[in-house]
Amino acid sequence: MEKRTILITGAGRGIGYAIATKLAEQNYNLVLVDINADDLENAVKTLPGDGKFIPFTCDVSDYSQVETVVAKAIEEMGPIYGLVNNAGITRDGLLLRMKPEDWDLVLRVNLTGTFNFTKLVSANMIRQKIGRIVNIASVIGLTGNAGQANYAASKAGVIALTKSVAKELGGRAVTCNAIAPGFIATDMTDKLPEQVRESMLKSIPLKKFGQSEDIAAVVSFLMSEDAAYITGQTLTVDGGMVT
Ligand code: NAP
């Protein structure tokens, strides 16, 4: 069978890079998007398998950059089968101290970035009458969290966007699901104070932090034929934190 192409945002490091590694092992061709050109270059050099990997430096929150990336990716790779909206940031702070620019930036990258790629890639999927969209949300989008009003709102928005897209595109055999990771050991969570990390560990029934590979495994499942009848869902991958 001809290799299918999957586009992954935030693919340069962390969870995005683990997703790229897993999908590369499974023989997909990959379009790798990240704001950091050095990380992308490193990713292309180190990914396993013999698939075709093309990197694009792009800010997911900028619609015109995303338009250019999607057009070039289709030109070079052909139809896009899968999309993983993974790029995300935090700018934490208590509500009363949160700067409006930190609210805007987190919403723009996490939610508008997901909208930008979903809108532009799904047009191609609809024409192919097949497609898989996986959005990386967060358990914080389900529960809320003190000090993360912007992040929580952006991820709750991603979950609602996922449900809406699933309803709109189901008739064209395009599925759209979200994954809500709990605490995954990456650079994003390394920044948290030791005290916060310890208290989070106590709230995880499986008594350990997740690994990026735990999320990559679920993305791989959602891209597979076995997941063809799943859409509009949010799969929580958090060691049992949120039930
Ligand atoms: P990470 O280690 O910070 O990696 C995020 C990647 O996205 C980085 O390569 C980053 O580039 C890139 N990026 C940031 N802003 C971007 C933009 N505007 N356009 C394109 N790329 C951009 O984060 P992670 O922990 O792997 O998280 C990945 C996703 O999982 C995020 O959506 C996050 O919210 C979600 N998540 C993570 C956890 C966790 O515990 N780690 C839990 C729940 C959900 P730079 O290197 O330049 O920053």
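Residues numbered from 1 in each chain as written. Predicted model: local features only at pLDDT ≥ 70, side-chain atom pairs only at ≥ 80, totals over all residues. Heavy atoms only, no water.

Student: Give me the overall build of the chain: which residues, what numbers.
Tutor: When helices and strands are counted, the chain shows nine helices and seven strands. For a compact globule of 243 residues, the expected C-alpha radius of gyration is about 18 Å, and the chain comes in at 17 Å, within 12% of that figure. In terms of principal-axis extent, the alpha carbons of the chain reach across some 50 × 40 × 35 Å. Sequence-distant contacts in the chain: of pairs separated by 6 or more residues, those separated by 24 or more amount to 70%. In the form shown here, the chain has an accessible surface area of approximately 11,700 Å², with 53% of it arising from carbon and sulfur atoms. Computed over 24 positive and 26 negative side-chain charges, the separation of the two mean positions in the chain equals 5 Å. (Helix = DSSP H or I, 4+ residues; strand = E, 2+ residues; numbered from the N terminus. Rg over C-alpha atoms; globule rule 2.2 N^0.38 Å. Contact = heavy atoms within 4.5 Å. Areas by Shrake-Rupley, 256 points an atom, 1.4 Å probe, with all protein chains shown as cover. Lys, Arg positive; Asp, Glu negative; His and termini not counted. Charge placed at Lys NZ, Arg CZ, Asp CG, Glu CD.)

Student: So what's going on with the side chain of Arg 197? Which residues, and what values?
Tutor: Among the secondary structure elements, Arg 197 is positioned in helix α8 (residues 194-202). Relative accessible area serves as the criterion here: at 18%, Arg 197 is assigned to the buried category. (Buried < 20%, exposed > 50% of the residue type's maximum accessible area, 1.4 Å probe, protein only.)

Student: Please provide a residue-by-residue account of the nonpolar core, values included.
Tutor: Formed by 34 residues in total, the largest nonpolar core has its most connected members in Leu 7, Val 31, Val 33, Phe 117, Val 121 and Ile 133. Setting aside its immediate chain neighbours within four residues, Val 121 contacts Leu 7, Val 70, Ile 80 and Leu 83. By size, the runner-up hydrophobic cluster in this structure holds 29 residues, among which are Tyr 81, Val 134, Val 218 and Met 223. (Core = buried A, V, L, I, M, F, W, Y, C linked by side-chain atoms within 4.5 Å.)

Student: Which residues make up the packing of helix α1 (residues 14-25) against helix α9 (residues 212-223), and what values do they have?
Tutor: Where α1 meets α9, the closest approach of the two axes is 8 Å, and the angle between their N-to-C directions is 50°. One element, α1, and the other, α9, form an angle in the oblique class. α1 and α9 meet at a crossing whose hand is right-handed. Residue-level inspection shows Gly 14, Ile 15, Ala 18, Ile 19, Lys 22 and Leu 23 of α1 in contact with α9, the latter providing Ser 212, Glu 213, Ile 215, Ala 216, Ala 217, Val 219, Ser 220 and Met 223. Partitioning the contact of α1 with α9 into residue classes produces nine nonpolar, three polar and two charged. (Axes fitted to C-alpha atoms, helices over the stretch in contact; angles between N-to-C directions. Parallel < 35°, antiparallel > 145°, perpendicular 65-115°, else oblique. Left-handed = near helix turned anticlockwise from the far one by under 90°. Nonpolar A, V, L, I, M, F, W, Y, C, P; charged D, E, K, R; others polar.)

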